[in-house]
Amino acid sequence: MTRLLLLIPTTSYRVTDFLEAAHRLGVEVAVGSNRRQVLEKYSDGRTVTLNFRNLDKGAAEIVDYARAHPLKAVVPVDDDTAVLAAKASAALGLPHNLPASVEAARNKHRLRTLLAEAGLPSPEFSLLPVQDDPVRAAREVTFPCVLKPLALSASRGVIRADDEAAFVTAFHRIVKILKQPDVAALGELADHILVEGYIPGAEVTLEGLLDRGRLNVLALFDKPDPLEGPYFEETIYVTPSRLPKTVQQDIAAATRRAVAALGLQDGPIHAEFRINDHGPWAIEIAARSIGGLCSRVLRFGTGIRLEELILRHALGLPIESLERERRPAGVMMMPIPRAGILEEVRGVKEALEVPGATEVIITMPMGQKVTPLPEGNKYLGFLFARHDTPEAVEAALREAHRRIDVVIEPATAS
Ligand code: ADP
């Protein structure tokens, strides 16, 4: 029987969607995760604990596992597991990206270096050790600039600075984030801060699937909320894009050049660009699919989900169509408005009465401590809409969100 190993960090939003896709395909699926699973002993090889920190060890564990349980594919669900999947697939002779390419996509400094070397539009950038003196560093920077960690996600720790004082404050703030236990686990990637020139322009996200180096564009999303900082809260994504066709073609071409510069060959691609008078500028090129629950906005062919498409591709199974359904659709990642304890979310019913609003999923448990950007990296939940036009989708998301009332009480100091 065809067996697939899914690499899923315990913190992932996407466990269910990937497992459901595997079940729909009728393949046997094993879950590799970074924490010992309570039922591992009894689950007859369907769960396996892997070292997600030491990737050579983790890859050896997967090879070991595959001896008793032969694997057709090792599929990562996010950035954190993409390098491990590449290493294990290489060792097992399965189709894969070169581990060095995935590593480069995961490391924002390496990404910038390779894109600049390939002649893609690039801002000035420099790498600062966390021990550096930010007051000195600030004197050498051109403003506005953006300071960011090398390997976090969901805009955590990404801060714009317009002057030396803001730079120094941002630097200290990011150093603190890098010392958080979950981040320090990144090892060397938590030792530096990247500083890059601020790139003005509207932002878009391209979802793609690479097949032996060839890019299939699955969807292009506009992000209609201005993202000008100082923190960069992702909110609304709407597809299809309202940008002129020629600009959309330029974005696809820039993605092709960027993935070639990194050497990525296989599997999902999530690329973010800013568009200005000089064309598309890459912000992020990741060897993974869209994060959170956002993939639920996408359907292909006769209704296939993105996760199924990714698994079909990984297993070499036929894919009926890579065409997204025609109806405009969108998602809002509901931001955390302030720090505290999440008590209640009101107005979900009223939000769903908005024409076009299709679903509200609150992912944050009640009673949980919540942290906004730039320290936080979680959303309250996800709001989905489908409508006749991208404008109507955007309006439905905004109105639905307006009707939702989030009750957050101050956390009492303990
Ligand atoms: P993450 O991987 O955590 O999402 P990114 O590097 O993609 O981090 O940055 C998050 C957001 O910050 C981007 O989507 C963009 O809006 C903004 N951003 C990052 N770098 C720049 C930059 N150089 N110029 C302008 N905006 C930026």
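Source: prediction; values computed, not measured.

Trainee: When you look at helix 5 (residues 108-117) in this model, what are you seeing that I'm missing?
Mentor: Residues that lie three or four places apart on an α-helix share one face, since the helix turns once every 3.6 residues. For helix 5, the full list of buried residues reads Lys 108, Leu 111, Arg 112, Thr 113, Leu 114 and Leu 115. Looking at the buried side of helix 5, the elements it contacts are helix 4 (99-106), strand 5 (125-129), strand 6 (145-149), strand 8 (192-197), helix 9 (245-262) and strand 13 (279-286). You can read the cap of helix 5 off the contacts: a side-chain oxygen lies 2.9 Å from the backbone nitrogen of His 109, and it is on Asn 107.

Trainee: So what exactly am I meant to see when it comes to the site of the ligand here?
Mentor: Taken together, 21 residues lie around the ligand, and Lys 108, Lys 148, Ser 155, Ile 199 and Glu 203 are the ones closest in. At 3.4 Å from an oxygen atom of the ligand is found a main-chain nitrogen or oxygen belonging to Ala 154. One nitrogen or oxygen atom from the main chain of Gly 197 is found 3.0 Å from a nitrogen atom belonging to the ligand. Notes on the ligand: free accessible area 540 Å², of which the protein chains cover 99%. Listed by contribution, the elements that provide at least two residues to the shell around the ligand are strand 6, strand 8, strand 12 (267-276) and strand 13.

Trainee: Would you mind showing me how to read the side chain of Arg 3 here?
Mentor: Position of Arg 3 relative to the elements: it lies in strand 1 (residues 3-7). At a separation of 3.0 Å, a polar atom in the side chain of Arg 3 contacts the side chain of Glu 28. Dropping the residues within four chain positions of it, Arg 3 is found in contact with Glu 28, Tyr 65, His 69, Pro 70, Leu 71, Lys 72 and Ala 73.

Trainee: Explain the side chain of Ser 295 here, please?
Mentor: Examined against the element boundaries, Ser 295 turns out to sit in the loop between strand 13 and helix 10 (306-315). Excluding residues within four positions of it along the chain, Ser 295 makes contact with Arg 14, Asp 17, Ile 290, Leu 306 and Glu 307.

Trainee: Even after reading the chapter, I still don't get the packing of aromatic side chains, so can you show me in this structure?
Mentor: Two aromatic rings, taken as a pair, are described by how far apart their centres are and by the angle between their planes. Overall, the coordinates contain 4 aromatic pairs when judged by the stated rule. Aromatic side chains Phe 143 and Phe 167 sit 6.3 Å apart centroid to centroid with 85° between the ring planes, which places their arrangement in the edge-to-face category. With a gap of 24 residues between them, Phe 143 in the loop between helix 6 (134-139) and strand 6 and Phe 167 in helix 7 (residues 164-178) connect regions that are remote in the sequence. Ring geometry for Tyr 379 versus Phe 382: centroids 5.7 Å apart, planes at 70°, classification edge-to-face. Per residue, the accessibility class of Tyr 379 equals that of Phe 382, and both read buried. By way of ring pairs, the aromatic residues Tyr 13, Tyr 379 and Phe 382 are connected into one cluster. Against the face of Tyr 198 rests Arg 160, its NZ or CZ located 4.1 Å from the ring centre. Here the guanidinium or amino end of Lys 378 rests over the ring plane of Tyr 13, the centre of that ring lying 5.4 Å away.

Trainee: In this structure, what is going on with the pattern of salt bridges? I would like to understand it.
Mentor: Pairing between side chains of opposite charge can happen when the charged atoms of each approach one another. Here the structure, examined in full by the defined rule, presents 34 salt bridges. Between Arg 136 and Asp 132 there is a salt bridge, with its nearest N and O atoms 3.0 Å apart. Relative accessible area serves as the criterion here: at 30%, Arg 136 is assigned to the partly exposed category. With a closest N to O distance of 3.1 Å, Arg 312 and Glu 308 form a salt bridge. Pair noted here: Arg 312 and Glu 308 are both in helix 10, with a separation of 4 residues, about one helical turn.

Trainee: Looking at this structure, I do not really get the domain arrangement of the chain. What am I missing?
Mentor: By a widespread convention, an interface's size corresponds to the accessible area lost as its parts come together. Parsing the chain into structural domains produces domain 1 (3-96), domain 2 (124-197) and domain 3 (327-414). A C-alpha centroid distance of 29 Å is found between domain 2 and domain 3. Between domain 2 and domain 3, the contact holds 8 residues from the first and 6 residues from the second. When the two sides are added together, the surface that domain 2 and domain 3 hide from each other amounts to roughly 600 Å², 54% of it contributed by carbon and sulfur. One can count 1 salt bridge joining domain 2 with domain 3. Residue Glu 375 pairs with Arg 173 through a salt bridge whose shortest N-O separation is 2.7 Å.

Trainee: I'm lost on empty space enclosed by the protein in this one. Help?
Mentor: In this approach the atoms are scanned with a rolling probe the size of a water molecule, which exposes any empty space left behind. Scanning the entire structure with this criterion turns up 4 cavities of 30 Å³ or more. Around the largest cavity sit 13 residues that line it, and Glu 233, Ile 336, Leu 373, Lys 378 and Tyr 379 are the ones nearest its centre. Here the residues of the lining of the largest cavity sort into 7 nonpolar, 3 polar and 3 charged. Of the pockets and cavities examined, the second largest cavity occupies roughly 70 Å³. Lining the second largest cavity are Asp 79, Ala 105, Arg 106, Lys 108, Leu 111, Leu 150, Ala 151, Leu 152, Glu 284 and Ala 286. Those elements giving two or more residues to the lining of the second largest cavity turn out to be helix 4, helix 5 and strand 13. Here the residues of the lining of the second largest cavity sort into 6 nonpolar, no polar and 4 charged.

About the cut-offs
- Residues numbered from 1 in each chain as written.
- Predicted model: local features only at pLDDT ≥ 70, side-chain atom pairs only at ≥ 80, totals over all residues.
- Heavy atoms only, no water.
- Buried < 20%, exposed > 50% of the residue type's maximum accessible area, 1.4 Å probe, protein only.
- Helix = DSSP H or I, 4+ residues; strand = E, 2+ residues; numbered from the N terminus.
- Contact = heavy atoms within 4.5 Å.
- Polar contact = N/O pair within 3.5 Å; in protein donor to acceptor, adjacent residues only side chain to side chain.
- Near = heavy atom within 4 Å.
- Areas by Shrake-Rupley, 256 points an atom, 1.4 Å probe, with all protein chains shown as cover.
- Phe/Tyr/Trp six-rings, centres within 6.5 Å; stacked < 30°, edge-to-face > 60°.
- Lys NZ or Arg CZ within 6 Å of the ring centre and 35° of its normal.
- Salt bridge = Lys/Arg side-chain N within 4 Å of Asp/Glu carboxyl O.
- Domains from an automatic or database assignment.
- Buried area = accessible area lost by both parts, 1.4 Å probe.
- 1 Å grid on protein atoms, 1.4 Å probe; cavity = no way out; pocket = protein on both sides within 12 Å on 5 of 7 lines; lining within 4 Å.
- Points joined across faces, edges and corners; volume = space filled by probe spheres on them.
- Nonpolar A, V, L, I, M, F, W, Y, C, P; charged D, E, K, R; others polar.

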